[in-house]
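# A closer look at the structure
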Amino acid sequence: MTPKAAMVAFILRGATDDVAGSPPGVEAHGLYEGPHGPAYAGYSDDGLVTRAWGPHLPDGRFEIGRAGRLDGKRHTSLVDPVPVFVGAHTGEAVQLHSAVFSRRRRGIVVNVGERSYLYRHSGYASSLLEREDRTPVAIPRGPFRSSTIAEAADAFDLAVFLVMCFAVPFPA
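Report on the accompanying structure. (Residues numbered from 1 in each chain as written. Predicted model: local features only at pLDDT ≥ 70, side-chain atom pairs only at ≥ 80, totals over all residues. Heavy atoms only, no water.)

## Some remarks on the pattern of salt bridges
- Within this structure, the stated rule accounts for seven salt bridges.
- Note that arginine 13 and glutamate 33 form a salt bridge whose closest N and O atoms lie 2.9 Å from each other. Residue arginine 13 is located in strand β1 (residues 7-14), and its partner glutamate 33 is located in strand β2 (residues 26-33); the two are separated by 20 residues in the primary sequence. (Salt bridge = Lys/Arg side-chain N within 4 Å of Asp/Glu carboxyl O. Helix = DSSP H or I, 4+ residues; strand = E, 2+ residues; numbered from the N terminus.)

Below, the structure is given as structure tokens:
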């Protein structure tokens, strides 16, 4: 059972094309409005890198995007680790071994700096980023339910969430 955490609502929607402060060669595709926001997520021109940025957010980068992986390996699989960067911290994301009856075992483990997360399905059409202790960080949901983020989440957590949410919308 996932521990209870105080959660607050946030909005995640499409961004306009002209976002001030976008990294060079990156077009914004998502706008986050909530704690530590506004924040943006988008893809490099070649579609091989997912980025997150904002005025209160450390820059986040995940070397997989909507067009494939930067290292050229198979895009649909995260069995081979993919580099993740948040601010000055480096790490990687890798998919756990699949399990038919366990959503947790089908998730993606993200280790960046000293922090560890699990990104996984949390329902039919939503995903969940949770800390190593199983405390939820953020849950993006569809148009009929509010998306939520933990009150205790910081800007680092948000950067990890945004790159994962836009690079891997619903984990396998």
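## Notes on the pairing of strand β5 (residues 57-62)
- Note: strand β4 (residues 50-54) against β5, four bridges, orientation antiparallel. Across the sheet, the residue bridging to threonine 50 is phenylalanine 62, located in β5.
- Here β4 folds back onto β5, and the loop between the two strands holds two residues.
- For β5 and strand β8 (residues 82-86), the ladder comprises three bridges, and the chain directions are antiparallel. When the bridges of β8 are listed, arginine 61 appears paired with phenylalanine 85. (Pairing = 2+ DSSP bridges.)

## Section: the pairing of strand β12 (residues 126-131)
- Across the six residues of β12, five count as buried, placing the element largely inside the fold.
- As defined by bridge partners, β12 adjoins strand β13 (residues 136-139) across two bridges and the pair is classed as antiparallel. Each bridged residue has a counterpart across the sheet, and for glutamate 130 the counterpart in β13 is proline 136.
- Hairpin connection of β12 to β13: four residues between the antiparallel strands, including arginine 134 at a positive phi of 75°. (Buried < 20%, exposed > 50% of the residue type's maximum accessible area, 1.4 Å probe, protein only.)

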